[in-house]
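Inside the fold
What follows is each chain in one-letter form.
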Amino acid sequence: MQATLVYAIYLFCNILVAALLIRALMSWFVNDPYSTLGRIYGAVIRFTEPIVMPFRKLLSRFNTGMFDFSLVLAMIVIEMAGNIISRLIIMIF
């Protein structure tokens, strides 16, 4: 059970990071929001925005210029949280 739970946490974290990476890549290529690709991009944004918004608000306090590092920070925190939670599960069980 312990291995299954740890695997599920890693899988969930990897899905979130992949969605954030897809969002970043699609932002460069989607021009028409009404095309099929634009609709997919909109769905990815709706899925990932609750994750990104707190980091965007946090980074708005600092002057990062025209660069938005909230996606990168979200990816790092998701990976760290997944590792910490997995290690806690291994220590508890």
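Residues numbered from 1 in each chain as written. Predicted model: local features only at pLDDT ≥ 70, side-chain atom pairs only at ≥ 80, totals over all residues. Heavy atoms only, no water.

Some words on the nonpolar core
Counting 13 residues, the largest nonpolar core has Leu20 and Ile78 as the members making the most contacts within it. Elements with a minimum of two residues in this core: α1 (2-29), α2 (36-59) and α3 (70-92). With six residues, the top contributor of residues to this core is α1. (Core = buried A, V, L, I, M, F, W, Y, C linked by side-chain atoms within 4.5 Å. Buried < 20%, exposed > 50% of the residue type's maximum accessible area, 1.4 Å probe, protein only. Helix = DSSP H or I, 4+ residues; strand = E, 2+ residues; numbered from the N terminus.)

Describing the side chain of Thr48
Here Thr48 lies in helix α2. Since its relative accessible area comes to 0%, Thr48 is described here as buried. Separated by 2.8 Å, the side chain of Thr48 and the backbone oxygen of Val44 make a polar contact. What Thr48 contacts, discounting residues up to four positions off in sequence, is Ala19, Leu20 and Arg23. (Polar contact = N/O pair within 3.5 Å; in protein donor to acceptor, adjacent residues only side chain to side chain. Contact = heavy atoms within 4.5 Å.)

A word on the environment of Leu21
Note on placement: Leu21 falls in helix α1. For Leu21, a relative accessible area of 46% gives the class partly exposed. Remark: the alpha-carbon pair of Leu21 and Met75, spanning 54 residues in sequence, is separated by 8.5 Å.

Notes on the environment of Ile9
With respect to the helices and strands, Ile9 occurs in helix α1. Distance from Ile9 to Met91, taken between C-alpha atoms, is 15 Å for residues 82 residues apart in sequence. Ignoring any residue separated from it by four or fewer positions in sequence, one finds Ile9 in contact with Gly82, Ile85, Ser86 and Ile89.

A word on the packing of α1 against α3
Viewed as axis vectors pointing N to C, α1 and α3 meet at an angle of 180 degrees, and their least axial separation amounts to 10 Å. One finds that α1 runs roughly antiparallel with respect to α3. Considering only residue class, the contact of α1 with α3 consists of 17 nonpolar, five polar and two charged. (Axes fitted to C-alpha atoms, helices over the stretch in contact; angles between N-to-C directions. Parallel < 35°, antiparallel > 145°, perpendicular 65-115°, else oblique. Nonpolar A, V, L, I, M, F, W, Y, C, P; charged D, E, K, R; others polar.)

Nothing here speaks to function; it is all geometry.
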